[in-house]
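What follows is the residue order along each chain.
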Amino acid sequence: MFFSDLKMKTKPLALIVDDDNSSRMTMAAALRKAGFAIEQAASGEMAIALFNEKRPNLIFLDVMMPGMDGFQTCREIRSCLGGEYVQILMVTGLNDIESIEKAFLAGGNDFIAKPINWAMLCHRAHYMLRTGKALKEIHLSRSFLAKTQDIAKIGNWKVDYQDNLCTISAEAAQLLGLSPGQREDLAIATLLDTVVGREKKFEYAIVEEAIRERKTFTVNFQIVFAGRARHIHMHGEVLRTETGDPELFLGVVHDSTQMKQAEKEIRYLAFYDSLTGLANRTLLLNRLDQVLEHSKRNKRSFALLFMDIDHFKQINDSMGHHAGDILLKNTADVLKQCVRRSDVVAAGAGDTPDNLVARHGGDEFVIILSEIVSSENAAVVARRILQAIPQKQVIDGQEISVTASIGISVFPEDGRDADTLLRHADTAMYHAKKRGNNQYQFFKEALNTAAVLRFALERDMKTALANGDFILHFQPQLRFSDGGILGAEALIRWNHPQKGFVPPDQFIAIAEDCGLIVDINKWVIETACLQNRKWRDMGLPAMRIAVNLSGYRFGEQNIVKILQDTLTRYALDGDSIEVEVTENVLMHDTEAIIETLHGIKDLGIKVALDDFGTGYSSLSYLTSFHVDTIKIDRSFVMDCCDNKKNRIIIKAIIAMGHSLDMEIVAEGIESVEQFRLLKKYGCDEYQGYYFSPPVSAIKFESLLQEKALTSVKEQKSGTRIPAP
Ligand code: C2E
Ligand code: CA
Ligand code: CA
């Protein structure tokens, strides 16, 4: 059966190495008969030369030779190129156990003892030939696998369940930035050594559990080493024995960086407009669905701005597509800038989707303002965009005039689905165009009216400051214990030349939106200090005036410096003024706020937390901002006599505030019942119509004098009248 090998086209080549001429001849004759082609060498040196030249399939090597002996020759052949896998049969003396051992150590595959049994020799030669072929195939397939993995950037590693050893292939080690080889137990940790980012712990747990529980896993992660980041895909599976017992855990690692990059590029092509880099229609609709869902779930409002460049078609037709493209790109840049400044938009919870600017097609752009407090916020952005687009632009050396029109729809008033909202914003845009260029228009007329009113107020407010149309009114603040007036809260009033009295509720929010609040805060501090100085100069008792300060970026308004300068200018101490802020103010940019509040306190000025109970009412605001006073919001005081829930809240606020060493002020005390209740609960101070509404400075002076008079009367008559 072995002779089937002889069907090979060329005969297998055997090299016989023996210094003894007759031994060689006999062996050659026997092997020839068994179907081998023969080469002969009389020494080790000759054998090596012949091996390199002829590449025999089998070598018969006599161990006892003068000069280079068989062992040495065997070692030399093994170190030749291609010598690793050739089959070598060592010919030893009978019972020469030492030689047999040496032959194996030198790298022989088998041995045969002299005198030789020729029939056996031929059979053995064929066995060896077959083994040699199998070994060569394994070698080839191994290098093929390694090469393929190298090309495909795939590496592998395995954990042997017998000894818990982990072996990492050279490719895997290279991909993971590790040194190849074997490691014990901690192997899984080192496998994921270079993983970066938050996932690390997570990936580690998955891989570890999969190996321990012997189950398949797939993970994707990013690694960084040698200053390069790569994406890696790792997959692991159990290999079992025939009886089903887990034997090996095999893992492959694959560098998916290029794939990820390709994915990114595909995503970009699919979702972004190549000319402007803005989101395209597909992404717009996608995001619109998300925002809709978010707004429905959280009962929030959002706005769509639909913008179109006026006369774009004429520009494109007369100046060419190149000019048109430049104009579109310029416009896209302006839009990105205007929407990035999101200070007009609500500070939403962390999961609010971002605003989005998209090219809807042609010269149409759509902006999603993903969370707005009121529809006027959308008008602010629309106005800002129209102002930011340069009306004169030089394109290709030619000056053109550019304007745009914007239509606005608001969720949920103007539609509850993407289609309707887009259509209504589009309709509004056409109305804006009809009204003349460079306009914006809400879908609903009522919102237009509101927006127009709002911007008229904004415009007038700027002149009001310069014209002295603002004044401060003062509402007394009193102690519960003895009814003494310890100060006043300054409340702004606007005496509008046409509209008459405008309450602060109607203009403070607008001032905060457009940034005018910074100047108003300054004016309030200045006026409150000036008034306080006047009263002191009149000989009235020293008093503390509380000012309301607010505005976005409270920490960046230079408040501390303004307070310090003003106090110095009027020769007043820190305790002649108090600052009232709301939780809203504290919610923004915390670092700067903490610094500002510390600065205020360093001046000896006390800080009160206004409207407490209506916002987040978080204990952490109270402790981390170290406020001195809590003002219980008027809404709790209002019906505290009939509403048990309110009474419980009031009691809780007082208990909590006192435990933190804070003073508690009740706002809006209107009746004697409310007064008695709050006093009973241990509240420290109060203000409200019960004693006095906010009044002008002159009236406040007479209030003080009246109060002084009553106290004198009380003392004289010995009666005790409940305040006021
Ligand atoms: P606030 O700081 O909570 O001021 C208390 C408001 O309650 C004042 O309204 C005051 O007139 C009113 N009030 C006081 N006692 C009673 C009462 O017994 N019953 C009733 N029904 N109301 C009472 P006002 O003056 O209209 O001010 C409204 C809000 O406008 C203020 O609420 C404050 O948030 C803001 N504001 C007022 N002045 C300024 C200011 O100078 N700067 C800033 N940033 N905000 C101001
Ligand atoms: Ca206040
Ligand atoms: Ca208040």
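Rules of the game
- Residues numbered from 1 in each chain as written.
- Chains lettered and ligands numbered in written order.
- Predicted model: local features only at pLDDT ≥ 70, side-chain atom pairs only at ≥ 80, totals over all residues.
- Heavy atoms only, no water.
- Helix = DSSP H or I, 4+ residues; strand = E, 2+ residues; numbered from the N terminus.
- Rg over C-alpha atoms; globule rule 2.2 N^0.38 Å.
- Buried < 20%, exposed > 50% of the residue type's maximum accessible area, 1.4 Å probe, protein only.
- Contact = heavy atoms within 4.5 Å.
- Areas by Shrake-Rupley, 256 points an atom, 1.4 Å probe, with all protein chains shown as cover.
- Lys, Arg positive; Asp, Glu negative; His and termini not counted.
- Charge placed at Lys NZ, Arg CZ, Asp CG, Glu CD.
- Salt bridge = Lys/Arg side-chain N within 4 Å of Asp/Glu carboxyl O.
- Domains from an automatic or database assignment.
- Near = heavy atom within 4 Å.
- Polar contact = N/O pair within 3.5 Å; in protein donor to acceptor, adjacent residues only side chain to side chain.
- Donors = N, O, S within 2.8 Å, 3.2 Å for Na, K, Ca; no water.
- Pairing = 2+ DSSP bridges.
- Axes fitted to C-alpha atoms, helices over the stretch in contact; angles between N-to-C directions.
- Phe/Tyr/Trp six-rings, centres within 6.5 Å; stacked < 30°, edge-to-face > 60°.
- Lys NZ or Arg CZ within 6 Å of the ring centre and 35° of its normal.
- Arc of directions from axis to C-beta.

**Q** Just give me the short version of the overall build of the chain, but keep the residues and values in it.
**A** Within the chain, the secondary structure is distributed over 25 helices and 27 strands. Expected size for 724 residues packed as a compact globule is a radius of gyration near 27 Å; at 45 Å, the chain overshoots this value by more than 25%. Principal-axis analysis of the C-alpha atoms places the extent of the chain at approximately 150 × 75 × 50 Å. Buried residues in the chain amount to 47% of all 724 residues. Counting only contacts in the chain whose residues sit at least 6 apart along the sequence, the fraction spanning at least 24 positions is 62%. Surface summary for the chain: the accessible area is close to 36800 Å², and the carbon and sulfur share equals 53%. In the chain, 84 positive and 96 negative side-chain charges are present, and the distance between their average locations comes to 2 Å.

**Q** So what's going on with the pattern of salt bridges? Which residues, and what values?
**A** Within the structure shown, the criterion is met by 32 salt bridges. Lys54 is the partner of Glu39 in a salt bridge, and the nearest nitrogen-oxygen pair spans 3.9 Å. Placement of the pair is Glu39 in strand 2 (residues 37-41) and Lys54 in helix 2 (residues 44-54), with a sequence separation of 15 residues. Salt-bridge contacts for Glu667 lead to Lys631; the nearest nitrogen and oxygen are separated by 3.5 Å. Of the two residues, Glu667 sits in the loop between strand 26 (663-666) and helix 24 (672-680) while Lys631 sits in strand 25 (residues 629-632), which places them 36 residues apart along the sequence. As far as burial versus exposure is concerned, Glu667 and Lys631 are alike and both buried. Residues joined by salt bridges that share partners form a network here, namely Glu376, Arg383, Arg454 and Glu458.

**Q** So what's going on with unusual backbone geometry? Which residues, and what values?
**A** For the bond from Lys114 to Pro115, the omega torsion is -5°, close enough to zero to count as cis. Mapped onto the elements, Pro115 comes out in the loop between strand 5 (110-113) and helix 5 (118-151). Its identity as a non-glycine residue notwithstanding, Asn438 has a phi of 60°, on the positive side. Positionally, Asn438 belongs in the loop between helix 14 (418-434) and strand 18 (440-442). By relative accessible area, which is 22% here, Asn438 ends up partly exposed. A positive phi is found at Ala571, a non-glycine position, where the angle reads about 50°. Positionally, Ala571 belongs in the loop between helix 18 (559-569) and strand 23 (577-581). According to the relative accessible area criterion, Ala571 is exposed, its value standing at 58%.

**Q** Before we move on, could you go through the domain arrangement of the chain and cite the residues and values that matter?
**A** Parsing the chain into structural domains produces domain 1 (4-147), domain 2 (153-261), domain 3 (280-443) and domain 4 (458-717). Taking only C-alpha atoms into account, the centre of domain 1 sits 105 Å from that of domain 4.

**Q** Got a sec to walk through the site of ligand 1? Specific residues and values, please.
**A** Lining the immediate surroundings of ligand 1 are 22 residues, of which Gln475, Arg493, Arg634, Glu670 and Tyr689 lie closest. Contacts to ligand 1 include Glu489, whose side-chain N or O atom sits 3.2 Å from an oxygen atom. Side-chain polar atom of Asp611 to an oxygen atom of ligand 1: 3.2 Å apart, as the coordinates give it. In the complex, the protein chains occlude 85% of the 790 Å² of accessible area that ligand 1 would expose alone.

**Q** How would you sum up the coordination of the calcium ion (ligand 2)? Please name residues and give values.
**A** Within the protein, the atoms that donate to the calcium ion (ligand 2) are Glu489 (OE), Asn548 (OD1), Glu580 (OE) and Asp610 (OD), at distances of 2.1 to 2.3 Å. The sequence motif formed by the donor residues of the calcium ion (ligand 2) is E-x58-N-x31-E-x29-D. Between the calcium ion (ligand 2) and the calcium ion (ligand 3), the interatomic distance is 4.0 Å, and Asp610 donates to each metal, bridging them. One end of the pair, Glu489, is in strand 20 (residues 485-496); the other, Glu580, is in strand 23, with 91 residues separating them in the sequence. By the burial criterion, Glu489 is buried, and Glu580 matches it.

**Q** Go over the sheet that holds strand 4 (residues 87-92) with me, naming the residues and quoting the values.
**A** Pairing in this open sheet of 5 strands is parallel, and the strands run 2-1-3-4-5 from one edge to the other. Unpaired on one side and paired on the other, strand 2 and strand 5 mark the two borders of the sheet. Each adjacent strand pair in this sheet contributes to an overall mean axis angle of 20°, direction not counted. Most of the contacts of helix 3 (residues 70-79) go to strand 4, to which it runs at about 175°, and overall it touches strand 3 (58-62) and strand 4.

**Q** Residue-level account of the sheet that holds strand 12 (residues 301-309), with values.
**A** The mixed open sheet is built from 5 strands, whose spatial order is 13-14-12-17-18. The open sheet terminates on both sides in strands that have one partner only, identified here as strand 13 (356-361) and strand 18. If you compare each strand with its neighbour and ignore which way they point, the axes differ by 20° on average. The sheet strands contacting helix 10 (residues 281-298) are strand 12, strand 13, strand 14 (364-372) and strand 17 (404-411), and the helix crosses strand 14 at an angle near 20°.

**Q** Please provide a residue-by-residue account of the coordination of the calcium ion (ligand 3), values included.
**A** Only Asp610 (OD), Asp611 (OD), Glu667 (OE) and Glu667 (OE) from the protein reach the calcium ion (ligand 3) as donors, at distances of 2.2 to 2.5 Å. One chain supplies every donor to the calcium ion (ligand 3), and in sequence these donors are spaced D-D-x55-E. Classification of Asp611 by relative accessible area gives partly exposed; the value is 28%.

**Q** So what's going on with the pairing of strand 13? Which residues, and what values?
**A** Where burial is concerned, most of strand 13 is hidden: 5 out of the 6 residues are buried. Of the pairings in the sheet, the one linking strand 13 to strand 14 comprises 5 bridges and is antiparallel in character. Looking at strand 14, one finds that Arg359 is bridged to Phe365.

**Q** Go over the packing of aromatic side chains with me, naming the residues and quoting the values.
**A** Geometrically, a pair of aromatic rings is defined through the distance of the ring centres and the angle of the planes. Evaluated as defined, the whole model comprises 18 aromatic pairs. Taken together, the ring pairs connect Phe470, Trp494, Phe507 and Trp523 into an aromatic cluster. Sitting over the face of the ring of Tyr161, Arg214 holds its NZ or CZ atom 3.9 Å from the ring centroid. Taking NZ or CZ as reference, Arg383 lies 3.6 Å from the ring centre of Phe455, over its face.

**Q** Outline the side chain of Asn280, listing residues and values.
**A** Counting through the fold element by element, Asn280 comes out in the loop between helix 9 (257-271) and helix 10. Side-chain polar atoms of Asn280 contact the backbone oxygen of Ala270, separated by 2.8 Å. What Asn280 contacts, discounting residues up to four positions off in sequence, is Leu269, Ala270, Phe271, Tyr272, Asp273, Ala358 and Arg359.

**Q** Tell me about helix 16 (residues 504-514), and name the residues and values.
**A** Residues of helix 16 that are buried include every one of Phe507, Ile510 and Ala511, and no others. All buried residues of helix 16 lie within an arc of 105° about the axis, which places them on one face of the element. Residues of helix 16 that are buried in the fold lie against helix 15 (445-467), strand 19 (470-479), strand 20, strand 21 (500-502) and helix 17 (517-537). The first or second residue beyond helix 16 is Gly515, which carries a positive phi of 90°.

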